[in-house]
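Analysis of the macromolecular model
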Amino acid sequence: MQALRPVSRTLLRDRAYAVIRDAIVAGEIEPGAVVRDADLAEQLGLSRAPVREAFSRLVDEGLLESKPQSYTRVTPLVAADVRDAAAVVGALHEMVTRVAVPRLRPEDLEEMRAANDRFAAAVRAGDVDEALRADDDLHDVLVRAAGNRAAAATVARYTPLIRRLERRRFGEGGSCRSAGLHERLIEACAAGDVDAAVRVTEEIWRTLTALADPD
């Protein structure tokens, strides 16, 4: 049998990052909870090194906070931080939509429709996690089509911060009205109407930003 190549340390770091990030966003690791690299490394079946690297990235992204030689813990949900992140991410989505619409292929539009079908079904079923995954998948089509790597990296960096509050609000019985907005966005994209697509994108993000408004 041909020998297998060792798993890249980068892949291990990315795996640790994705699992821990998703657990924080889902509320499985709650705001204020102290996290220890040794404990999570054991749970994930990894060494401590990739978990420490994941911690560093999550601190940079605002999901963890760390005091050297003292603690690393999940950041609290701060509405102002979410509003700031949503303003940046929303503006970038408007920008990539403007660039992406003329580049969309029929298969891209079908991917967006399929993601919205999954989104609507998840909302009806009360499956918040699947709804957010489908929402990300739909908008990622436009991000990919735009081909702006800086925008894509910034969106990827700050979206989890927004999703964490979004998930909590939906879990508390908040409503989600984005399925119809998605349909309007897809219709504008299919028609090649850049201005209409940007207007709907702005409306989607205005709705999301409102989740961070004080009650």
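Residues numbered from 1 in each chain as written. Predicted model: local features only at pLDDT ≥ 70, side-chain atom pairs only at ≥ 80, totals over all residues. Heavy atoms only, no water.

**A closer look at the overall build of the protein**
The secondary structure content of the protein amounts to 9 helices and 2 strands. Going from N to C terminus, the protein has its helices and strands arranged as α-α-α-β-β-α-α-α-α-α-α. Looking at the 215 residues of the protein, the share that counts as buried comes to 40%. Taking the intrachain contacts of the protein between residues at least 6 apart in sequence as the baseline, contacts between residues at least 24 apart amount to 74%. Summing over all exposed atoms, the protein offers an accessible surface of approximately 11800 Å²; the carbon and sulfur share of this is 49%. (Helix = DSSP H or I, 4+ residues; strand = E, 2+ residues; numbered from the N terminus. Buried < 20%, exposed > 50% of the residue type's maximum accessible area, 1.4 Å probe, protein only. Contact = heavy atoms within 4.5 Å. Areas by Shrake-Rupley, 256 points an atom, 1.4 Å probe, with all protein chains shown as cover.)

**Observations concerning the side chain of aspartate 108**
Among the secondary structure elements, aspartate 108 is positioned in helix α5 (residues 106-125). Once residues lying within four places of it in the same chain are set aside, the contact partners of aspartate 108 are Arg103 and Val141.

**Some remarks on the packing of helix α4 (residues 79-100) against helix α6 (residues 128-146)**
The description of two helices packed together rests on the angle between their axes and the distance between the axes. Contact geometry of α4 with α6 gives a least axis separation of 8 Å together with a crossing angle of 65°. As for how α4 packs across α6, the hand of that crossing is left-handed. Contact residues: His93, Val96, Thr97, Val99 and Ala100 in α4; His139, Leu142, Val143, Ala145 and Ala146 in α6. Taken together, the residues of the contact of α4 with α6 sort by class into 7 nonpolar, 3 polar and no charged. (Axes fitted to C-alpha atoms, helices over the stretch in contact; angles between N-to-C directions. Left-handed = near helix turned anticlockwise from the far one by under 90°. Nonpolar A, V, L, I, M, F, W, Y, C, P; charged D, E, K, R; others polar.)

**Comments concerning the packing of aromatic side chains**
Overall, the coordinates contain 0 aromatic pairs when judged by the stated rule. Between arginine 57 and the ring centre of tyrosine 17, over which it is positioned, the NZ or CZ distance is 3.6 Å. (Phe/Tyr/Trp six-rings, centres within 6.5 Å; stacked < 30°, edge-to-face > 60°. Lys NZ or Arg CZ within 6 Å of the ring centre and 35° of its normal.)

**Some thoughts on the pattern of salt bridges**
Two side chains bearing opposite charge may form a pair once their charged atoms approach each other closely. As enumerated under the stated definition, the model contains 22 salt bridges in all. The partner of arginine 57 in a salt bridge is aspartate 14, with the nearest N and O atoms 3.7 Å apart. Remark: aspartate 14 occurs in helix α1 (residues 9-25) and arginine 57 occurs in helix α3 (residues 48-60); sequence separation between them is 43 residues. Among the ionic pairs, glutamate 202 bridges to arginine 206, the shortest N-O distance being 2.4 Å. With a gap of 4 residues between them, glutamate 202 and arginine 206 both fall in helix α9 (residues 194-210), about one helical turn apart. Glutamate 202 sits in the partly exposed class, given a relative accessible area of 30%. Bridged by salt links that share partners, the residues Arg13, Asp14, Arg57 and Glu61 form one connected network. (Salt bridge = Lys/Arg side-chain N within 4 Å of Asp/Glu carboxyl O.)

**Things to note about the environment of alanine 18**
With respect to the element layout, alanine 18 can be found in helix α1. With relative accessibility at 24%, the residue alanine 18 sits in the partly exposed group. Alanine 18 sits 40 residues away from leucine 58 along the chain, and the two C-alpha atoms are 9.8 Å apart.

**Some details on the side chain of arginine 164**
Looking at the element boundaries, arginine 164 is found in helix α7 (residues 149-171). No salt bridge forms around the buried arginine 164; measuring N to O, its nearest opposite-charge neighbour aspartate 81 is 7.3 Å away. Not counting the four nearest positions on each side in its chain, arginine 164 is found in contact with Ile24, Val25, Pro31, Gly62, Leu63, Val74, Thr75, Pro76 and Leu77. (Lys, Arg positive; Asp, Glu negative; His and termini not counted.)

**A short note on helix α2 (residues 37-44)**
When we look at burial in α2, the residues that qualify are Asp37, Leu40, Ala41 and Leu44. Down the axis, α2 shows its buried residues gathered within 105° of arc, on one side only. Those residues of α2 that are exposed and aimed more than 90 degrees away from the buried face are Glu42 and Gln43. (Arc of directions from axis to C-beta.)

**Structural notes on the nonpolar core**
Membership of the largest hydrophobic core comes to 54 residues, with the highest contact counts inside it found for Ile20, Val51, Leu104, Met112, Leu185 and Cys189. The element best represented in this core is α9, accounting for 8 residues. Those residues in contact with isoleucine 20 that lie beyond four places of it in its chain are Leu40, Leu44, Val51, Ala54, Phe55 and Leu58. (Core = buried A, V, L, I, M, F, W, Y, C linked by side-chain atoms within 4.5 Å.)

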